[in-house]
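Here are the chains, one letter per residue:
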Amino acid sequence: MSNTFSTEGNRSGLIRSEFRKTLNEKKTDLFILKNKKGMEVAVTNYGCALLSVMLPDKEGKYANVILGHDSIDRVINSPEPFLNTTIGRYGNRIANGRFILFGETHELTINNGPNSLHGGPTGFHARVWDALQVDESTIHFTYFSADGEEGFPGNLEVEMTYRVEEEENALVIEYRATTDKATVVNLTNHAFFNLAGIATPTPTIEDHIVTIESSFYTPVDKTSIPTGEIAPVAGTPMDFRTPHAIGERINAEFEQLIIGAGYDHCYVVDKTESGELSLAATCKDLKSGRTMEVYTTEAGVQLYTGNWLNGFTGAHGATYPARSGICFEAQCFPDTPNKSYFPSATLLPGDEYQQVTIYKFGVDKE
């Protein structure tokens, strides 16, 4: 691991010594990324967790727009274990923690009702990654996931990069992975955003105005596993093809919203060509003027509105009540290994998993 870039005097007020720890003979640390425009992103190599994303509002005042922590112990012991981390080997849920691949049944760790969620309790979010910060704006992470880890087949070599763009306030996340045995791969970042900025308490995201470039979504059963249907959003509270405040319909008497206690669904991104990097969603906080655009090469984006946040304490005493964070998780559809007609998440030896997702930020001063 290399960390020769200064972390002192960072905008988020994080202290490097609070993030230095040895876990299973690997060291954790704090890394600061920044660009010429003043954007600053703080990360740690434990789960590749984002700790802060510092951005100006329409008056030029900076705030952290991500629900982060201020020490490695808080990250490790967070009541929300997936908070802002890299998720793998398979993001989202796999029904009953089981799938069959080329005739072989694989049993996964169950950690969400009857299902496997986000790669299991010791998935990529709970691992210390090797890190190399190459310049002030870019950091590379690598992780070796052994055959059988959490039940997944194949030795998987994963590379991931966080990069802050120099000329615009954008965080680029790039993923690559290779395997020596047929496996399934579905990587994502579980960032919890609040464009108003974290506070005590952090305000609700129900006022955030959202659009999603999606005509269809994947309805779920009572355990949040896709039913297999690809359903139109038209005529339902799931339709964000035009801008809507999150809170406008989140409490509607609509079965899908009742199941998840709000939005927790995968949207099928409207694309001209499979795998193209395209706009998937936009988000805006009217009071601060901060905006966010989400671009991805992935087929789906999971919209999650922080329905199960419980008010726990985060960075500098900020608290995170229910619905104080919003997630746009770029990914394959949930339970794809058990839905042969969903776009495949299978990775074969000799092939390479690739993904690019960009969170681009701006300010609307009107």
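No experiment lies behind these values; they were computed from the predicted model shown.

Draft legend 1. Representation of the packing of aromatic side chains within the structure. In total, this model carries 13 aromatic pairs according to the counting rule given. Ring centres of Tyr 217 and Tyr 267 lie 6.3 Å apart, and the angle between their planes is 35 degrees; on these two criteria the pair is classed as tilted. Residue Tyr 217 is found in strand S19 (residues 214–218), and its partner Tyr 267 is found in strand S22 (residues 264–269); the two are separated by 50 residues along the sequence. Residues Tyr 217 and Tyr 267 agree in their burial class; the two are buried. Aromatic rings pair up to connect Phe 124, Trp 129 and Tyr 143 into one cluster. Over the ring of Tyr 62 we find Arg 11; its NZ or CZ atom is 3.7 Å from the centre of that ring.

Draft legend 2. Just the pattern of salt bridges, in detail. Summed over the entire model, instances satisfying the criterion amount to 17 salt bridges. Put simply, Glu 107 and Arg 98 hold a salt bridge, and the shortest N to O gap is 2.9 Å. Judged by its relative accessible area of 45%, Glu 107 falls in the partly exposed class. Between Asp 364 and Lys 284 there is a salt bridge whose closest N-O contact spans 2.5 Å. Taken together, the positions of Asp 364 in the segment after strand S30 (353–363) and Lys 284 in strand S23 (residues 278–284) put the pair 80 residues apart, joining distant regions of the chain. Residue classification places Asp 364 among the partly exposed residues on the basis of a relative accessible area of 22%. By relative accessible area, Lys 284 is classed as partly exposed at 23%. Salt bridges sharing partners connect three or more residues here, namely Arg 16, Arg 20 and Asp 29.

Draft legend 3. Molecular detail of the environment of Thr 204. As for its position among the elements, Thr 204 is in the loop between strand S17 (188–189) and strand S18 (209–212). Residues Thr 204 and Ala 322 lie 118 residues apart in sequence; the distance between their C-alpha atoms is 7.6 Å. Within the structure, the side chain of Thr 204 is placed 3.0 Å from the backbone nitrogen of Glu 206, a separation counted as a polar contact. Within polar-contact distance, the side chain of Thr 204 engages the backbone oxygen of Arg 323 at 3.3 Å.

Draft legend 4. Seen up close, the sheet that holds S22. A sheet is described by the order of its strands in space; here five strands give the open sequence S20-S19-S22-S25-S28, paired in antiparallel fashion. With one partner strand each, in any of the chains shown, strand S20 (231–232) and strand S28 (327–331) form the two edges of the open sheet. One ladder, built from five bridges, connects S22 with strand S25 (residues 300–304); its direction is antiparallel. When the bridges of S25 are listed, Asp 264 appears paired with Tyr 304.

Draft legend 5. Quick peek at the nonpolar core. Judged by nonpolar contacts, the single largest core of 59 residues is most densely connected at Phe 141, Tyr 162, Tyr 267, Met 292, Ile 326, Phe 328 and Phe 361. The element contributing the most residues to this core is strand S14 (residues 156–164), with five residues. In this view, Ile 326 contacts Ala 191, Phe 192, Phe 193, Ile 205, His 208, Val 210, Ile 246, Cys 283, Leu 303, Tyr 304 and Thr 305; residues no more than four positions away in its chain are not counted.

Draft legend 6. Summary view of the sheet that holds strand S24 (residues 290–296). Taken together, the nine strands give an open sheet; going across it, the order is S12-S13-S14-S15-S30-S24-S23-S18-S21, and neighbouring strands pair in antiparallel fashion. Of all the strands in the sheet, just strand S12 (130–135) and strand S21 (244–245) have a single pairing partner and so form its edges. Across four bridges, S18 lies against S23 in antiparallel orientation. Across the sheet, the residue bridging to Val 210 is Cys 283, located in S23.

Draft legend 7. Spotlight on the pairing of S23. Here S23 runs beside S24; their pairing, made up of six bridges, is antiparallel. Bridge pairing links Lys 284 to Thr 291 in S24. Following S23, the chain reverses through five residues before pairing antiparallel with S24; Gly 289 in that reversal takes a positive phi of roughly 85 degrees.

Draft legend 8. Quick look at a negative patch on the surface. Where like charges cluster on the molecular surface, the negative patch consists of Asp 147, Glu 157, Glu 159 and Asp 180. Relative to the helices and strands, Glu 159 resides in strand S14.

Draft legend 9. Examining the pairing of S19 more closely. Within S19, four of the five residues are buried, leaving the element largely enclosed by the surrounding structure. As paired strands, S19 and S22 are joined by four bridges and run antiparallel to one another. The residue bridging Tyr 217 from the neighbouring strand is Tyr 267, located in S22. In this structure, S19 lies alongside S20, joined through two bridges in antiparallel fashion. Along S20, the bridge assignment pairs Tyr 217 with Ala 231.

The rules behind these values
Residues numbered from 1 in each chain as written. Predicted model: local features only at pLDDT ≥ 70, side-chain atom pairs only at ≥ 80, totals over all residues. Heavy atoms only, no water. Phe/Tyr/Trp six-rings, centres within 6.5 Å; stacked < 30°, edge-to-face > 60°. Helix = DSSP H or I, 4+ residues; strand = E, 2+ residues; numbered from the N terminus. Buried < 20%, exposed > 50% of the residue type's maximum accessible area, 1.4 Å probe, protein only. Lys NZ or Arg CZ within 6 Å of the ring centre and 35° of its normal. Salt bridge = Lys/Arg side-chain N within 4 Å of Asp/Glu carboxyl O. Polar contact = N/O pair within 3.5 Å; in protein donor to acceptor, adjacent residues only side chain to side chain. Pairing = 2+ DSSP bridges. Core = buried A, V, L, I, M, F, W, Y, C linked by side-chain atoms within 4.5 Å. Contact = heavy atoms within 4.5 Å. Patch = residues over 30% accessible without salt bridge, like charges linked within 9 Å, V, L, I, M, F, W, Y side chains within 5 Å. Areas by Shrake-Rupley, 256 points an atom, 1.4 Å probe, with all protein chains shown as cover. Lys, Arg positive; Asp, Glu negative; His and termini not counted. Charge placed at Lys NZ, Arg CZ, Asp CG, Glu CD.

Read these as layout, nothing more, since geometry by itself doesn't imply function.
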